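Given next are the chains, with one letter for each unit.
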Amino acid sequence: TIRTKRDSLVIEQLYTYPLPSRALDTGVTDETKFNSTSTAGGFGDGFKTAALALHSLGENRFDSMTWTFDARKEKRRIVWFFESDEREAVGRFSKSRVLRVRIENTENNSTASLDDDGNKMGRAYIMTQTVKAKDIGKSFLIEAVPRLQIFWDVDESTIIGTSTSGGDYIAPALLQPPIPGTDASSLTSMMPSPASSSTRRRKKATSPSLPGNNNIRQPEAGIYVRGIWVRKPPIPDTLMCFFGSRLQVSGRDRNDVHEEELVDAVAHVIRKCNNLERLRGLLEPLRGIHSSSSSIDDDTRERRSKRHTMGNKGQNDWLLKSPRFLNQLWMIEKHRNYVLHDVLQIPQNAIFVSSRTTKSSDPFLRWASDFLQKKGAPLAPIEPGANRYLFEEVSEAELTDRCVRILNDDLKQNNNKKADDDARNLETLQVAFRKILSFMGTGSGRKVIFSPDVTVAFVHNNRYLFVPEALLTRELLVKVLNVCQCHLDGANGEKYSCLVQALFESLPGGRTRALTVEDVEKVIERARQVKKENANFLAQSRGKNFAGSRRTGESERPKVPEKESANEVMDLTESPTRSSCGGKSGRCDRSRIVTPSVDLEAQIARITRTVGRKRRNTDGVDDDGLDSIIPEANFGSDDAGTDTCLRSSSALQCINVDDSLGGGSLLCDERTISDLRNNAWSSSAKTQLAALRQLLDESIDVVRRCTPSLSPLLSRVRHGYDSNNDTYEAFCDGKRIVVNLYTYMPRLPTTAPCVAAALATAPKTLLHDFIVTVTHEIAHFLQPGAGH
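Residues numbered from 1 in each chain as written. Predicted model: local features only at pLDDT ≥ 70, side-chain atom pairs only at ≥ 80, totals over all residues. Heavy atoms only, no water.

K.L.:
It is not clear to me how the overall build of the protein chain should be interpreted in this structure. Could you clarify?
P.N.:
Within the protein chain, the secondary structure is distributed over 26 helices and 23 strands. Summarising the internal contacts of the protein chain: among those between residues at least 6 apart in sequence, 64% fall at separations of at least 24. Carbon and sulfur atoms make up 48% of the accessible area of the protein chain, which amounts to about 44900 Å² in all. (Helix = DSSP H or I, 4+ residues; strand = E, 2+ residues; numbered from the N terminus. Contact = heavy atoms within 4.5 Å. Areas by Shrake-Rupley, 256 points an atom, 1.4 Å probe, with all protein chains shown as cover.)

Next up, the structure:
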């Protein structure tokens, strides 16, 4: 029991509970507190600190403080007197006032009866704490009562609690009823006389009160463990009350809890909630702001509208005031699935898509989303403002898997239901693509599947090639060849280019002209000739260059005047004219012909010299003297067409990262920086990024070994991560090249335990793609303003 008067506070305890293990971080463990509930607890640092604070008030405000322990069974009484004492100066210790404990151990001749129930309930041992100080009773009502759960009740209609009676719960503090005994009349009776109050300065009460009434107190928001306030809650204005052993107090001063244990305890309350309808209404804002979608019924629209109108009043939005804390729950798969499917009632196999997928510039993504919607797949639109940890955008790999499953089912059902013309066309397609894949070297172990539902060719699991079941035309062949070259491991780039050249040389254009197997064989034969011609041309070029070098005694690569090589590359496929070679006779001086490789080296040398001449601009930032590649104001004049590297990008900031992300520095957008600082990344995502950074460094090293003169420019390649944009792979701003690794993340497995495992399972073409990206951006350095 606790009894208060204006200047006194009496706390009477039957016995003390054993201390939890987390509270015994320091000091010596008292085993008796674990083995016997009839042993009273001692006083520790927290109590001694409070006693010193009371004594420091002075004799005018502090009277006395005692502990009285009655052991009725043994008929003994122990009294602790906590007193202040003067200590004279000794050596280097100055005169001071210290806390002294005086103990009296006397007989207790009380005649109070003690029955068996009294023994069982602990009445045989009673500890009475008495504190006498000015206004301590009033301070207890204002500051301590709102933090002790035993003194107040909660409104059952506002809480989220477990299904068991008296279990853990979470509730809004501002919606709770007032605490009895904290009204104006109770506090007025404890007010001191006007004469004494005018001589002191009072501390302003910090506990909450009802709006419009500063005297009636409410429960104070916080984390409560076994009914006692521990610290402020991670969600503002929220009561988080836990009983039992699910959450323990930690820290030497017993004023904190472990963050991981708190997350698990809150997750337990949400998963065991006894009122899912109430929880659903509180978590409904996680869906985001409702957009005009016909797939949502009127009841849902009305419910969300009501939620938005009531949100400002604090009735329905109190649980979501701290997104950072709850996001830790949504990042755990089992909690995320529970909220999505059990609370928000979203189908188990729902696919979350936004306009980035449905209106993507990638033809496959647009077709896949339309195809799944037509087939009745549960597409769930991601609305603006939706929680990104709960509603994750579907990846290209998952879209491909869903489409393949439906296509395979349809093909099994309609396998023998084709007309004669369709059957003949299908046979033509099968033979033609079998020959083409065989020529490219990708036919072994690969299966081509034709479907009338497919309008965009794609590859699944590096084994299955899905092709539209349409007329065999030149346009279809070109599109499928592009897909094979990009997505099939083992595709021969040289044979691919020969095939494309042969297609345009051997076949006329047009989307409606149907090809035959003979046409395809003619294209393959022409591709073999092109391949042979290219090999002969390269062999002759090497022989001429070697012979000329031996004849003149100069190096293998002759020096070319910078003035001639800096601006143009001469076309060796045309006959030289007087204007290009000079001279009266019209004959060309072969010694002045500039080969492409020599001209490239000259451009690299020119740009490298420019990079070396650093100057400082007016802002104090290093300017390497490079021209702006494509000024931001002139993006439209680049004339890159639909296949361009000019996309919108975020403002990136350079941060240092630890070894789990590959170490060194990383250019990131603002959202990624926030996630990294809040430890929001999973270990698998960190492994993916570290593996991609290692692959990027390897690709840079490959380019450097092939063309050593590019080393100064390659040193300007930076690792970037722009999570707001997946439409560009890299950009060059005239001074540096930033590779956006975010676009490559879906190409690595998410289950790799380490970087080595991620690299071992990475697609074989990924390194090649990095090389293409880096060399493409370096081309901007070598020829500024040349467009694409």
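There's plenty left to go through after this.
K.L.:
What is the right way to read the sheet that holds strand E9 (residues 222-225) from this model?
P.N.:
The pairing of strands in a sheet comes from backbone hydrogen bonds and takes either a parallel or an antiparallel form. Here we have five strands laid out as an open sheet, ordered E7-E8-E11-E9-E10, and mixed in their pairing. Each edge of the open sheet is held by one strand with a lone partner, namely strand E7 (160-161) and strand E10 (228-231). Judged from the two bridges that link them, E7 and strand E8 (residues 169-172) form a sheet pairing that is antiparallel. Within E8, the residue paired with Ile160 across the bridge is Ile170. (Pairing = 2+ DSSP bridges.)

K.L.:
What is the right way to look at the packing of helix H8 (residues 276-283) against helix H11 (residues 333-343) in this model?
P.N.:
The relative placement of two packed helices comes down to the angle between their axes together with the axis-to-axis distance. One can describe the packing of H8 onto H11 by two numbers: an axis separation of 11 Å at closest approach and a directional angle of 110°. Relative to H11, the element H8 lies roughly perpendicular. Contacts between H8 and H11 involve Leu276, Leu279, Arg280 and Leu283 from the former and Tyr338, Val339, Asp342 and Val343 from the latter. Considering only residue class, the contact of H8 with H11 consists of six nonpolar, no polar and two charged. (Axes fitted to C-alpha atoms, helices over the stretch in contact; angles between N-to-C directions. Parallel < 35°, antiparallel > 145°, perpendicular 65-115°, else oblique. Nonpolar A, V, L, I, M, F, W, Y, C, P; charged D, E, K, R; others polar.)

K.L.:
Got a minute to help me understand the sheet that holds strand E5 (residues 96-107) in this structure?
P.N.:
Pairing is antiparallel in the open sheet, where six strands are placed in the order E1-E2-E6-E3-E4-E5. Every other strand in the sheet has two partners, leaving strand E1 (2-5) and E5 as the edge strands with one partner each. Between one strand axis and the next, the sheet turns through 15° on average, direction left out of account. Here strand E3 (residues 62-71) pairs with strand E6 (residues 125-133) via nine bridges, running antiparallel. Note on E6: the bridge partner recorded for Thr66 is Thr130. Sitting on the sheet, helix H4 (residues 136-144) touches E1, strand E2 (8-13) and E6, and the angle it makes with E1 is about 125°.

K.L.:
Any chance you could explain the packing of helix H7 (residues 259-271) against H11 here in plain terms?
P.N.:
Orientation of H7 relative to H11, taken along the N-to-C sense of each, is 30°, at an axis distance of 11 Å. One element, H7, and the other, H11, form an angle in the roughly parallel class. H7 and H11 meet at a crossing whose hand is left-handed. Residue-level inspection shows Ala267, Ile270 and Arg271 of H7 in contact with H11, the latter providing Lys334, His335 and Tyr338. In the contact of H7 with H11, the residues fall into three nonpolar, one polar and two charged. (Left-handed = near helix turned anticlockwise from the far one by under 90°.)

K.L.:
I would appreciate a short explanation of the pairing of E6 in the present structure.
P.N.:
Working note: regular strand, side chains alternate between the two faces of the sheet. Of all the nine residues making up E6, eight are buried; the element is thus mostly covered by neighbouring parts of the structure. Pairing of E2 with E6, which is carried by six bridges, proceeds in the antiparallel orientation. Within E6, the residue paired with Ile11 across the bridge is Gln129. (Buried < 20%, exposed > 50% of the residue type's maximum accessible area, 1.4 Å probe, protein only.)

K.L.:
Sorry if this is basic, but what is going on with H11 here?
P.N.:
Side chains of residues three or four places apart in an α-helix project in the same direction, reflecting 3.6 residues per turn. Within H11, burial applies to His335, Arg336, Tyr338, Val339, Leu340, His341 and Val343. Looking at the buried positions of H11, the neighbouring elements they touch are H7, H8, helix H10 (323-330) and strand E12 (351-353). Count one or two residues on from H11 and you reach Gln345, which has phi positive near 60°.

K.L.:
Help me understand the nonpolar core, please; the structure alone is not making it clear to me.
P.N.:
Grouped burial of nonpolar side chains is what soluble globular proteins tend to show. Judged by nonpolar contacts, the single largest core of 44 residues is most densely connected at Met240, Phe242, Leu262, Val266, Leu283, Leu319 and Trp330. Among the secondary structure elements, those contributing two or more residues to this core are E9, strand E11 (238-242), H7, H8, H10 and H11. Looking at this core, the element that brings in the most residues is H7, giving seven residues. Those residues in contact with Val266 that lie beyond four places of it in its chain are Ile170, Met240, Phe242, Phe325 and Leu329. Residues Cys668, Leu713, Tyr744 and Ile778 belong to the second largest nonpolar core, which totals 40 residues. (Core = buried A, V, L, I, M, F, W, Y, C linked by side-chain atoms within 4.5 Å.)

K.L.:
What exactly am I supposed to notice about the environment of Arg463 here?
P.N.:
One can find Arg463 in the loop between strand E15 (458-460) and strand E16 (464-468). A C-alpha to C-alpha distance of 9.5 Å links Arg463 and Thr442, two positions 21 residues apart in sequence. Setting aside residues up to four positions removed in sequence, Arg463 forms contacts with Gly445, Arg446 and Lys447.

K.L.:
I would appreciate a short explanation of a positive patch on the surface in the present structure.
P.N.:
Among the surface-exposed residues, Arg246, Arg271, Lys272 and Lys334 lie close enough to one another that they form a single positively charged patch. Checked against the element boundaries, Arg271 lands in helix H7. (Patch = residues over 30% accessible without salt bridge, like charges linked within 9 Å, V, L, I, M, F, W, Y side chains within 5 Å. Salt bridge = Lys/Arg side-chain N within 4 Å of Asp/Glu carboxyl O. Lys, Arg positive; Asp, Glu negative; His and termini not counted. Charge placed at Lys NZ, Arg CZ, Asp CG, Glu CD.)

K.L.:
Is there a simple way to think about the environment of Asp135 in this case?
P.N.:
Tracing the chain through its elements places Asp135 in the loop between E6 and H4. For the pair Asp135 and Arg6, spaced 129 residues apart in the sequence, the C-alpha separation amounts to 5.3 Å.

K.L.:
What exactly am I supposed to notice about the packing of aromatic side chains here?
P.N.:
Two numbers describe a pair of aromatic rings. These are the distance of the centres and the angle of the planes. A full pass over the atoms with the stated rule returns 14 aromatic pairs. For the ring pair Trp367 and Phe458, a centre distance of 5.7 Å and an interplane angle of 35° mean the geometry is tilted. On the criterion of sequence distance, the pair formed by Trp367 in helix H13 (residues 363-374) and Phe458 in strand E15 is long-range, its members being 91 residues apart. On the accessibility criterion, Trp367 (8% relative accessible area) is buried. The buried category is assigned to Phe458, whose relative accessible area is 4%. Members of the aromatic cluster, joined through ring pairs, are Phe364, Trp367, Phe371, Phe458 and Phe466. Between Arg102 and the ring centre of Phe81, over which it is positioned, the NZ or CZ distance is 4.2 Å. (Phe/Tyr/Trp six-rings, centres within 6.5 Å; stacked < 30°, edge-to-face > 60°. Lys NZ or Arg CZ within 6 Å of the ring centre and 35° of its normal.)

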